[in-house]
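A structural walkthrough
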Amino acid sequence: MYIVSLNYVAPLEALDAAVPAHIAFLDHHYASGTFLASGRKVPRTGGVILARSESEEALRAILAEDPFWQKKLATYDIQEFAATKAQAGLEGLIGA
């Protein structure tokens, strides 16, 4: 499993213009099962995506489809994460 930390590098007005396409990108990868959770950082300086992927390289290829990346609106930090415990109802994250 991976934690993807997006860091905005453009004005929020530019990001807001790309949000509909970014949401479509997210929805596509939720439907495929790659993305597990996502949301904005508080304060709004970026976002976080919790993802599963066969490799970091495969995940990077997926993230290259993100309009935020394509329009150079955000950078991405990727950290692999091995969940060993989870709250009841989230056991599916263990070993993801």
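Relevant structure appears above.
First, a word on scope: everything that follows refers to the structure included in this document. (Residues numbered from 1 in each chain as written. Predicted model: local features only at pLDDT ≥ 70, side-chain atom pairs only at ≥ 80, totals over all residues. Heavy atoms only, no water.)

Here we look at the overall build of the protein chain
- Secondary structure summary: the protein chain contains 3 helices and 4 strands in total.
- When the helices and strands of the protein chain are listed from N to C terminus, the series reads β-α-β-β-α-α-β.
- A principal-axis box enclosing the C-alpha atoms of the protein chain has dimensions of 40 × 25 × 20 Å.
- Taken over 96 residues, the protein chain has a buried fraction of 34%.
- Residue pairs in contact within the protein chain that sit at least 24 positions apart in sequence constitute 66% of those at least 6 positions apart.
- Accessible surface for the protein chain amounts to roughly 5700 Å². Of this, 57% is attributable to carbon and sulfur atoms.
- Across the protein chain, the 8 positively charged side chains and the 11 negatively charged ones have centroids separated by 5 Å. (Helix = DSSP H or I, 4+ residues; strand = E, 2+ residues; numbered from the N terminus. Buried < 20%, exposed > 50% of the residue type's maximum accessible area, 1.4 Å probe, protein only. Contact = heavy atoms within 4.5 Å. Areas by Shrake-Rupley, 256 points an atom, 1.4 Å probe, with all protein chains shown as cover. Lys, Arg positive; Asp, Glu negative; His and termini not counted. Charge placed at Lys NZ, Arg CZ, Asp CG, Glu CD.)

Here we look at the nonpolar core
- Core analysis: the biggest nonpolar cluster contains 21 residues, and Val4, Leu6, Phe35, Ile49, Leu59, Leu63 and Phe68 have the highest contact counts within it.
- Looking at this core, the elements with two or more residues in it are strand 1 (2-8), helix 1 (12-31), strand 3 (46-51), helix 2 (56-63) and strand 4 (74-80).
- Take this core: its biggest share by element is 5 residues, from helix 1.
- Apart from residues no more than four positions distant in its own chain, valine 4 is found in contact with Gly47, Val48, Ile49, Leu59, Leu63, Tyr76, Asp77 and Ile78. (Core = buried A, V, L, I, M, F, W, Y, C linked by side-chain atoms within 4.5 Å.)

Observations regarding the packing of aromatic side chains
- The full count for this structure, using the stated rule, is 4 aromatic pairs.
- Their ring planes at 85 degrees and their centres at 6.2 Å tell us that tyrosine 30 and phenylalanine 35 sit as a pair that is edge-to-face.
- Owing to a relative accessible area of 31%, tyrosine 30 belongs among the partly exposed residues under this scheme.
- What links up through ring pairs into an aromatic cluster is the set Phe25, Tyr30 and Phe35. (Phe/Tyr/Trp six-rings, centres within 6.5 Å; stacked < 30°, edge-to-face > 60°.)

Re the pattern of salt bridges
- On inspection of all chains with the given rule, the structure shows 2 salt bridges.
- Close ionic contact of arginine 60 with glutamate 56 constitutes a salt bridge, the shortest N to O distance being 2.8 Å. Residue arginine 60 and its partner glutamate 56 are located together in helix 2, separated by 4 residues, close to a single helical turn.
- Classification of glutamate 56 as partly exposed rests on a relative accessible area of 26%. (Salt bridge = Lys/Arg side-chain N within 4 Å of Asp/Glu carboxyl O.)

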